[in-house]
Amino acid sequence: MQPTMTERLYFDPDHTLAFDARVTHVVEHEGRPAVLLDRTSFYPTGGGQPNDTGRLGGAEVVDVVEEEEGRILHVLAGPKIAVGDEVACEVDADRRRDHMQQHTGQHILSAAFEHLFDAETRGFRMGVELSEIDVELEDPSDARIAEVESLANAVVFSDLPLRIHTVDREGAARLPLRKQSEREGILRIIEIDGFDWSPCGGTHARRTGEVGLIAVTSVERAKKMARVTFVCGGRALADYRRAHRTALETARVFSTGRDDAPPLVGRLVEENKALKRRVRELAEIASEVEGRRLFEGAESWEGFRLVVVRLDGRSADELRLLAHKVVAQGPVVVLLASDEGGVARLVFARSAGEALVTVDCGNLLRAACEAVNGRGGGKPDFAQGGGPNAAGIDAALAAAKAMVG
Ligand SMILES: [Zn+2]
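Definitions and limits used
Residues numbered from 1 in each chain as written. Predicted model: local features only at pLDDT ≥ 70, side-chain atom pairs only at ≥ 80, totals over all residues. Heavy atoms only, no water. Core = buried A, V, L, I, M, F, W, Y, C linked by side-chain atoms within 4.5 Å. Buried < 20%, exposed > 50% of the residue type's maximum accessible area, 1.4 Å probe, protein only. Helix = DSSP H or I, 4+ residues; strand = E, 2+ residues; numbered from the N terminus. Contact = heavy atoms within 4.5 Å. Domains from an automatic or database assignment. Expected span 1.5 Å × (residues − 1). Arc of directions from axis to C-beta. Donors = N, O, S within 2.8 Å, 3.2 Å for Na, K, Ca; no water. Tetrahedral: all angles 85-135°; square planar, octahedral: opposite > 155°, others 65-115°.

**Student:** Whenever I open this one, the nonpolar core confuses me. Can you help?
**Tutor:** One broad rule of soluble globular proteins: the nonpolar side chains tend to lie buried together. Among the nonpolar cores identified, the biggest contains 32 residues, and Ile108, Leu109, Phe113, Ile133 and Ile214 are the most heavily contacted of them. Elements supplying a minimum of two residues to this core: helix 1 (93–117), strand 9 (121–126), strand 10 (131–135), helix 2 (142–157), strand 12 (187–192), strand 14 (214–222) and strand 15 (225–232). The leading source of residues in this core is helix 1, at seven residues. Beyond its immediate chain neighbours, meaning those up to four positions away, Leu109 contacts Ile133, Val148, Ala152, Ile214, Val216 and Phe230. With 23 residues, the next largest nonpolar core counts Leu306, Leu346, Val359 and Ile393 among its residues.

**Student:** Could you clarify how one ought to interpret unusual backbone geometry in this entry?
**Tutor:** Glycine aside, residues mostly have negative phi, and peptide bonds are mostly found in the trans state. For Asp159, which is not glycine, the phi torsion reads 50° and is therefore positive. Considering the arrangement of structural elements, one finds Asp159 in the loop between helix 2 and strand 11 (162–167). The backbone of Ser255 shows a phi angle near 50°, a positive value even though the residue is not glycine.

**Student:** Just to check I follow, could you spell out the domain arrangement of the chain for this structure?
**Tutor:** Where interface size is quoted, it is often the accessible area lost as the parts come together. Assigned domains within the chain: domain 1 (7–91), domain 2 (97–252) and domain 3 (279–404). Centre-to-centre, using C-alpha coordinates, domain 2 lies 68 Å away from domain 3.

**Student:** Is there a simple way to think about helix 8 (residues 393–404) in this case?
**Tutor:** Three or four residues apart is the spacing at which side chains of an α-helix point the same way, because the helix has 3.6 residues per turn. Here helix 8 contains 12 residues, and its C-alpha end-to-end distance of 17 Å stays within 8% of the 16 Å for a straight helix at 1.5 Å per residue. Within helix 8, the full set of buried residues consists of Ile393, Ala396, Leu397, Ala400 and Val404. Axial view of helix 8: buried residues confined to an arc of 95°, hence all on one face.

**Student:** Explain the coordination of the zinc ion here, please?
**Tutor:** Four donors placed tetrahedrally about a metal ideally form angles of 109.5 degrees, and six donors placed octahedrally ideally form angles of 90 or 180 degrees. Taken together, His103 (NE2), His107 (NE2), Cys200 (SG) and His204 (NE2) make up the protein donors of the zinc ion, found 1.9 to 2.2 Å from the metal. Classification of the site at the zinc ion as tetrahedral follows from its four donor atoms and the range of 101 to 122° in their angles at the metal. Spacing between the donor residues of the zinc ion along their common chain follows H-x3-H-x92-C-x3-H. Of this pair, His103 sits in helix 1 while Cys200 sits in the loop between strand 13 (196–199) and strand 14; the two residues are 97 residues apart in sequence, bridging distant segments of the chain. Among the residues examined, His103 registers a relative accessible area of 1% and is labelled buried.

Here you go:
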């Protein structure tokens, strides 16, 4: 195939989105049909900016690819198109505007980093929802990011014109370019009215006002760089709506206004921590009292007492704390059980002392666990376990009690 020069209408500052063109070649691209045109306004993926989509002679343009020789392939889905056909073309205006806003916004944002902190942009990627630039800035503090954002938006609010200069390398050397181009031959320089000059082949707004709000959504430090994620124009509006809705829904949970929610939530978290501390202290006191009461009310055996109690709803931690309190009262064997949401919990303990050395809580527990279809173990003076059959708790306690006697 002969190389073909396609007239690039997307460089046209008038934003030609509807145009007529002639099909010069029909080819295949990765298994799909594709055509070359004598002129096109479909932007091919490049320079960090995704391709345009749209319609071409009744077919759908699903991808636009620029090959090394400068051939622009329009990858199609739909009816077949033949060489020589004159086709009516239309670029998807919403997608183009979105890309144009993010891309031009990137020029402004990168220039603002350079103006304020001499921080160069090393990379740019435009995603479906977010875009990001890698900036040579070691300390991207909140204050600095806010300064950059303010300058970028001041440039938007001033509605400055963008100008396109077509120059050779000598001409480019006379301009205060933010970054040098590695391209040979004629260069396309995008000027934002005295604020920024950059060589670029992308699609741009005619005035900075078209970009709309520029908002930084997050900053990530990576080595000596800052990865700055941002949204512009329509995406900034969508992001604001989402953030606003989230903030309102959160505030509603706490029955407060949107802007009052953060300090209120902060206070509630602190209160919750203090309450948990207080609950732990009170549980300690309560189990002390309960432990003494259980010891005093227990049946006496030869030289020690036997406490056998079922306390449904208690956790293993609560049973353990209580067992230790009972054991501290004097010579005793304590067999505690609980049905915690249908699960059996067992905690057995005994005091030290000569009368009790023959009682092995580990053995008692292993035997008791059979009745609750569970497992557990421990030492002669303390053992814990449980099982999924809470209906067997009474039988488990009876089995252990029989072994003590
Ligand atoms: Zn550009």
